[in-house]
Amino acid sequence: MRSSTIALVGGFLCLCANVVVAGEAANFKILKLEGNSVRWHRVAQSQPVVSYSLVSGLREFQGARNCRKMATFDGLTSSSNLAQAAVREEIAAAFAMWEAAAGITFREASDPATADILIGAQGEPEGWAFADVFYDAASTEEIKPILRSLICLNPAKTWKIGFDGDLQRYDLRYTIAHEIGHAIGLDHPNGAGTIMGYRYEEHFRRLQTGDIAGAVALYGARGPSSVVADSAAVDGATDSNPGHPLSRDANNLGSRALKARPN
Ligand SMILES: [Zn+2]
């Protein structure tokens, strides 16, 4: 089992390329882990049904990087003065956006221990938000199956619901939606203008064209006759997007991270 960590960073200034090449069909990038594309797999020719849950207590995940230790959202919600019910609604809304976009279904897990995607607060606060993706590296499938994903937020940051122009306080729905994108197999595309963009911005709170195109490339279009794109289409989308520089933790083969911008 291999894992990867991907961070959402933020700030006022974007020094990265902010240009979508003319003629480029859609701005998205498929996540590559050690050269492998990954996705949640279909079961019996049906679209994947992926469960999610908030962690219910302190959890440790061997092999994970930034989400290695996760705690409940209790501290995060109280320090950010957010109601837990409202936070749960934001998480559900973030999953609903992706579910509406492509052939993948999400449901809240009845037991957090068995959830496919686990969400929690970082036990060792760093950066803003991260996703760890575990996948079956030994699979013979061309697009390897994701086994579990972790989403962790820094409880030492102040979080909010909605936009107010303050880019030092992140909107929960936007952030969770971004991390879900990683959790289902998407990376940061070039430039801005998508939820999957490398930097936090407050110009849109819904999935953008590139986000949806990425999800459709992995899971097919929403609908009973969902057809998953062939691997050639997925690879093609990746090759046109070199992406942002990645740093590799040499002590943790298979794990990688994008460093958060220092505040
Ligand atoms: Zn990210």
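Scroll up to find the structure.
Here goes a summary of the coordinates provided. Since this is a predicted model, take the numbers as computed values, not measurements.

Here we come to the packing of helix α2 (residues 84-101) against helix α3 (residues 172-183). At their nearest, the axes of α2 and α3 sit 8 Å apart, and the two run at 45° to each other. By the angle between their directions, the pair α2 and α3 is classed as oblique. Once α2 is placed against α3, the crossing between them reads as right-handed. Across from V87, E90, I91, A93, A94, F95, M97 and W98 in α2, the residues of α3 making contact are L172, R173, I176, A177 and I180. Partitioned by chemical class, the residues of the contact of α2 with α3 number 11 nonpolar, no polar and two charged.

Turning our eyes to something else, we now look at the environment of L118. Mapped onto the secondary structure, L118 falls in strand β9 (residues 117-122). Assessed through the 26 C-beta atoms surrounding it within 10 Å, L118 is described here as buried. In the structure, L118 is positioned 65 residues away from S53 in sequence and 5.2 Å away in space, judged by C-alpha atoms. Once residues lying within four places of it in the same chain are set aside, the contact partners of L118 are S53, V55, M70, P112 and L150.

Attention now goes to the nonpolar core. Looking at soluble globular proteins, one finds that nonpolar side chains tend to be buried together. Counting 63 residues, the largest nonpolar core has V133, C152 and I184 as the members making the most contacts within it. For this core, the elements supplying multiple residues, two or more each, are β5 (49-54), α2, β9, β10 (129-135), β11 (144-153), α3 and α4 (209-219).

This paragraph deals with the pairing of β11. In terms of burial, β11 is largely enclosed, as seven of its 10 residues are buried. Looking at chain direction, strand β4 (residues 36-39) and β11 are connected through two bridges and run parallel. When the bridges of β11 are listed, V38 appears paired with K144. Relative to β11, β9 runs parallel, the two being bridged by five bridges. When the bridges of β11 are listed, G120 appears paired with C152. Pairing of β10 with β11 involves seven bridges; the strand directions are antiparallel. Bridged to Y135 within β11 is I146.

Rules of the game
Residues numbered from 1 in each chain as written. Predicted model: local features only at pLDDT ≥ 70, side-chain atom pairs only at ≥ 80, totals over all residues. Axes fitted to C-alpha atoms, helices over the stretch in contact; angles between N-to-C directions. Helix = DSSP H or I, 4+ residues; strand = E, 2+ residues; numbered from the N terminus. Parallel < 35°, antiparallel > 145°, perpendicular 65-115°, else oblique. Left-handed = near helix turned anticlockwise from the far one by under 90°. Contact = placed C-beta atoms within 7 Å. Nonpolar A, V, L, I, M, F, W, Y, C, P; charged D, E, K, R; others polar. Buried ≥ 20, exposed ≤ 12 C-beta atoms within 10 Å, placed from the backbone. Core = buried A, V, L, I, M, F, W, Y, C linked by C-beta atoms within 7 Å. Pairing = 2+ DSSP bridges.

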